[in-house]
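Chain by chain, the residues:
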Amino acid sequence: MLDIHKVMSAITPFARSATLIINQAQRNETVIKILKELKLDPVQPPKSVDGVYAYTLVEYGVYKPEPILKLFREKEIKSVFWQAYASNNPLLLLKEVRKFVDWNTLGDEIRSSGIDIRSELEEFGKIFIDIAQRTKSSEFQPYPDWNLDDYPQEFKPLIQEKIRTFCGRKFVFEAFAQFVKNHPNGYFTVVGDAGMGKSAIAAKYVYDHKSPCYFNVRAEGRNRPEQFLESIRQQLIKRYQLLNSEKANLPTLLENVSKKLLVNQCLVIVVDALDEVEQEQKSGDNLLYLPTTLPERIYFLITRRPYTQETKRLYLSSSVPVEEFDLRASQYVDFSRDDIKEYIHLFLNNDPDHKSALRSWIQNGKISTETFVEQVAAKSDNNFMYLRYILPGIARGFYQDLTLNQLPDGLQDYYQQHWERMGMNKTPQEAKVILLFILVEIGTPIPCEMIANIAERDEYEVQSILNEWVEYLKPQEIEGEICYSIYHASFMDFMKVKRELKSTRKLFEEVNQRIAHSIYLADE
């Protein structure tokens, strides 16, 4: 058996370089050198558990901070690691390591070094599995799913990306906490326009509370009911050790979980982007076949874009508490604007890739930081996605002043997805082109009846198309009428240059005349 202390003696000298930037080739060279010193074959690892553990320490430990190496040296940690591996329960390792560092003085070293224990344990485990597979020994099979987060591996990149620059939204989380406090179970739905940060809210809640979750992503084909059920089923089985549940439906799973919850516990399942679900429409079926009733202390936190009554598809028992939190509502505008400003400040002060260039742009423009924040916030119209693309665009010198009229490529691609989801690339779509041209050309809120008159189309047909576009329009009541406009100014800018909407097209000759006539009558 290879002495673990001997392994530590071989790799510890390199821990002193932990703060240095080491390229992968240099690191690999050091690993091979140490393996040879320890008389380990760099190609073929030993087949024993002790041998693989020692081999892993070398491949993992070169240029790692010394405190984390000391942790893996501990017999207690090595023992619980193998227990977690053999039982396919990596969260057991995380739980026991946290207990260990809470009382052991080594915990102080780890904390003062700023080491993220979760990510280190996950990296170590994945390297161990890779080496175990290279041994081709049956002793290590079946290989566990080594994910130390409560949420699935497939969502980790998305969640990490969304929370990287997350800020604010306290008013949303407080409203949901109050809903849970006031109701024994229920559905809480966050509604907002594209780009208002709904997915970021979902990701932040999942990250903070380690909730079971499902993120529907149409572009990746991850938006089907069977995918949702399988993912949630596996998460609940893993979290609550549900036996004989591999084929259980969602109501059965939730009922079984409810029985396992302690008095002060509840289960919150987060479902993001319900509007992106692809599911055959049948009368009475909920999207993702979400349950119509819920056991006590079971809650769903859902996000979705605006919908019509026909596209809602969430039919629930009258006994199930329901609350809808609309980010577009007037009482939340100021809160959202404050969060937008905080986000801009975060970019200016903390973003490693762009903060220096942004500050230089502000100085060169001879404007104050607050003026910059105020004007960019106003241009954003409370849309975080706009900022996500515009701020890096400013940093790269894409703009000369605060008019910010051009759109960066990323935002162009984002709006192109809107365009396609609106059905504008399908044929025939003459009616849609004319209606969209009217909305863009007029640029201010307009009622359905006026749109229908200008387009010389049946009002029912026009209303049907407007309902289909509900995610991208901003309905508002003006003098007792529901009027429609494009949801975001920069989306309007995107569409103004689309070839299909060019005002010089022969298709629009008469439409332009009718628009001019309508504006003339309105001014009378």
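What you see is a predicted model; the values in this text were computed from it and never measured.

A. Quick peek at the state of the cysteines. The tally for this structure, following the rule as stated, stands at zero disulfides. Free of any disulfide, Cys 213 has its nearest cysteine sulfur in Cys 266, 16 Å distant. Residue class for Cys 213 comes out buried when judged on its relative accessible area of 0%. Between Cys 448, a free cysteine, and Cys 483, which holds the nearest cysteine sulfur, the sulfur-to-sulfur gap is 10 Å.

B. Region of interest: the environment of Arg 239. As for its position among the elements, Arg 239 is in helix α12 (residues 225-240). Arg 239 gets classed as partly exposed once you look at its relative accessible area, which sits at 23%. C-alpha of Arg 239 to C-alpha of Met 422: the two residues are 183 residues apart in sequence and 40 Å apart in space.

C. Main features of the sheet that holds strand β7 (residues 476-478). The antiparallel open sheet is built from three strands, whose spatial order is β6-β8-β7. Both outer strands of the open sheet, β6 (446-447) and β7, are each paired with one neighbouring strand and no more. Sheet topology note: the β7/strand β8 (residues 481-484) ladder contains three bridges and is antiparallel. Its bridge partner lying in β8, Ile 478 is registered against Glu 481.

D. View of the pairing of β8. Two elements, β6 and β8, share two bridges in a ladder whose sense is antiparallel. Note that in β8 the partner of Pro 447 across the bridge is Cys 483. From the end of β7 to the start of β8, which pair antiparallel, there are two residues, and Glu 479 there has a positive phi angle of about 50°.

E. The arrangement of the packing of aromatic side chains in detail. Per the stated rule, a full pass over the model turns up 40 aromatic pairs. Note on Tyr 187 and Phe 300: the rings are 5.0 Å apart at their centroids and 10° apart in plane angle, and the pair reads as stacked. With a gap of 113 residues between them, Tyr 187 in strand β1 (residues 186-191) and Phe 300 in strand β4 (residues 298-304) connect regions that are remote in the sequence. Side by side, Tyr 187 and Phe 300 carry an identical accessibility label, which is buried. Lying across the ring of Tyr 307, Arg 304 places its NZ or CZ 4.3 Å from the centre. A cation over a ring is seen here: Lys 498 above Trp 419, with NZ or CZ 4.7 Å from the ring centre.

F. How the structure looks around the packing of helix α15 (residues 333-350) against helix α16 (residues 355-364). One way to put it is that α15 packs onto α16 with a least axis distance of 6 Å and a crossing angle of 105°. Between α15 and α16, the angle falls in the class roughly perpendicular. Seen from α15, the contacting residues are Phe 347, Leu 348, Asn 349 and Asn 350; seen from α16, they are Lys 355, Leu 358, Arg 359 and Ile 362. Among the residues making up the contact of α15 with α16, the classes are represented as four nonpolar, two polar and two charged.

G. Unusual backbone geometry, seen in detail. Each neighbour pair has its own omega, and for Gln 141 with Pro 142 the value is 0°, a cis peptide bond. By secondary structure assignment, the location of Pro 142 is in the loop between α8 (117-135) and α9 (156-164).

H. Highlighting the pairing of strand β3 (residues 267-272). Taken across its six residues, β3 has six buried, putting it largely inside the fold. Because side chains alternate across β3, one face comprises the buried residues Leu 267, Ile 269 and Val 271, and the other comprises Val 268, Val 270 and Asp 272, equally buried. As defined by bridge partners, strand β2 (residues 213-215) adjoins β3 across three bridges and the pair is classed as parallel. Residue pairing for β3: Phe 215 is matched across the bridge by Asp 272. In this structure, β3 lies alongside β4, joined through five bridges in parallel fashion. The residue of β4 that forms the bridge with Leu 267 is Ile 298.

Calculation rules
- Residues numbered from 1 in each chain as written.
- Predicted model: local features only at pLDDT ≥ 70, side-chain atom pairs only at ≥ 80, totals over all residues.
- Heavy atoms only, no water.
- Disulfide = S-S within 2.5 Å.
- Buried < 20%, exposed > 50% of the residue type's maximum accessible area, 1.4 Å probe, protein only.
- Helix = DSSP H or I, 4+ residues; strand = E, 2+ residues; numbered from the N terminus.
- Pairing = 2+ DSSP bridges.
- Phe/Tyr/Trp six-rings, centres within 6.5 Å; stacked < 30°, edge-to-face > 60°.
- Lys NZ or Arg CZ within 6 Å of the ring centre and 35° of its normal.
- Axes fitted to C-alpha atoms, helices over the stretch in contact; angles between N-to-C directions.
- Parallel < 35°, antiparallel > 145°, perpendicular 65-115°, else oblique.
- Contact = heavy atoms within 4.5 Å.
- Nonpolar A, V, L, I, M, F, W, Y, C, P; charged D, E, K, R; others polar.

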